[in-house]
Amino acid sequence: MQRFLIGMIMKRLFVMAALIGFASLQASAEVVGDTIVIKDADKVRIENSANEQRIFIEGAKYDSDFRYNQTIPYSDSSAVKRELKGSRSVGKYVVKDGKEPNKTPKWAPGEYVNLGLGTMVGAPDGYSFKVWPSWEIGAGLTAEWRPFGEKNVWSIGFGIGWRYYRMSNASYWVKTNNVMGLAPYAAGQDDRVTSMTAFSLQVPITYTHYFTDEDGWGFTVGGIVNFNTGAHATREYSVGDEDFDIDLNKIGQRPITIDLLAVVRIPSFPDVYCKYSPMKFFKSGRGPEMNQLSFGVYF
């Protein structure tokens, strides 16, 4: 009787072990071979650490309470393959400090800063402008529109800009009958500096295209509308131990000018820009005909 009971118990244990083993194999086969299709997910979050990847999906078509979580351990980051296509229909996700990613909307704020050198081109003989130490600086805020993904960005903004132009020290600006011109410095006037400064309110309107992603190679083209609210010419010189600094205001600059802008977007470096104004700096009949040109770095 004892042998019979022991035999029955051993048979049952063997059958149970076989069933457990079969169920384990079956479950493993389902995990390996499963394909899960989730339509119209409300939210997808992917977290990556040094040794695992976690996938969180919240909400699905007709089921806002749907949840799916998966953890994939790995010892080598090269084992994880990623591919993203169809950026027209998905936004850009940026993970910050391990928190939930933020989706960049079609409209987003932006900013710009440009630092460069400038000069006047097309000026008559005798109007000698120096590229250095002439300079310009501009800064402002923009509203960026991405209707077709991250690679194409339209923007409009508002900012301010200063331009400072240095000239030859042989002559200085004068205004005769409301017309700007040059006159020679007198003998004994030393340490001469002749310059012209303009201040503008700016409205940049641009289009940017990136060849890879927003941090990669690309270009920007567009225009900047300048409302030239102020400009003056300055002469500085010394006579003996006495220094003179004289400003000449109301010089007759055009109230509105437009710059054509081109920017080359360079990954991991400041962008490079060039600006040219096809409009003359002075109003008609108020000074020499000349056009503004500048180039530098764009942030």
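Scroll up for the structure.
Here the structure is a predicted model, which means the values were calculated and not measured. (Residues numbered from 1 in each chain as written. Predicted model: local features only at pLDDT ≥ 70, side-chain atom pairs only at ≥ 80, totals over all residues. Heavy atoms only, no water.)

1. Some points on the overall build of the protein chain
Okay, so step 1: From N to C terminus, the protein chain includes one helix and 16 strands.
Okay, so step 2: The buried share among the 299 residues of the protein chain stands at 32%.
Okay, so step 3: Pairs at least 24 apart in sequence give 58% of the contacts found in the protein chain among residues at least 6 apart.
Okay, so step 4: Here the protein chain has roughly 19,000 Å² of accessible surface; of this, 60% comes from carbon and sulfur atoms. (Helix = DSSP H or I, 4+ residues; strand = E, 2+ residues; numbered from the N terminus. Buried < 20%, exposed > 50% of the residue type's maximum accessible area, 1.4 Å probe, protein only. Contact = heavy atoms within 4.5 Å. Areas by Shrake-Rupley, 256 points an atom, 1.4 Å probe, with all protein chains shown as cover.)

2. Concerning the packing of aromatic side chains
Okay, so step 1: Scanning the entire structure with this criterion turns up 17 aromatic pairs.
Okay, so step 2: Each ring, one from F211 and one from F219, has its centre 5.9 Å from the other, and the planes form 50°; the classification is tilted.
Okay, so step 3: These aromatic residues form a ring-pair network of at least three members: W107, W145, F148, W154, Y207, F211 and F219.
Okay, so step 4: Of note, R235 hangs over the ring of Y172, and the distance from its end group to the ring centre comes to 4.1 Å. (Phe/Tyr/Trp six-rings, centres within 6.5 Å; stacked < 30°, edge-to-face > 60°. Lys NZ or Arg CZ within 6 Å of the ring centre and 35° of its normal.)

3. Digging into the sheet that holds strand β3 (residues 63-73)
Okay, so step 1: The strand order across the open sheet built from three strands is β1-β2-β3, with neighbouring strands paired in antiparallel fashion. A strand with exactly one partner marks an edge of an open sheet, and here the two such strands are β1 (43-48) and β3. Adjacent strand axes in the sheet meet at a mean angle of 10° when their direction is disregarded.
Okay, so step 2: Where β1 meets strand β2 (residues 52-60), six bridges bridge the pair, whose relative direction is antiparallel. Counterpart to N48 in the pairing with β2 is Q53. (Pairing = 2+ DSSP bridges. Axes fitted to C-alpha atoms, helices over the stretch in contact; angles between N-to-C directions.)

4. As for a nonpolar patch on the surface
Okay, so step 1: Taken together, the side chains of V113, L115, W135, I137, W162 and F299 define a hydrophobic patch exposed on the protein surface, amounting to about 520 Å² of accessible area.
Okay, so step 2: Going through the elements one at a time, β6 (107-121) and β7 (129-145) are the ones with two or more residues in the nonpolar patch.
Okay, so step 3: With respect to the element layout, F299 can be found in the segment after β16 (291-298).
Okay, so step 4: A residue is classified by how much of its surface remains accessible, and F299, at 46% relative accessible area, is partly exposed. (Patch = residues over 30% accessible without salt bridge, like charges linked within 9 Å, V, L, I, M, F, W, Y side chains within 5 Å. Salt bridge = Lys/Arg side-chain N within 4 Å of Asp/Glu carboxyl O.)

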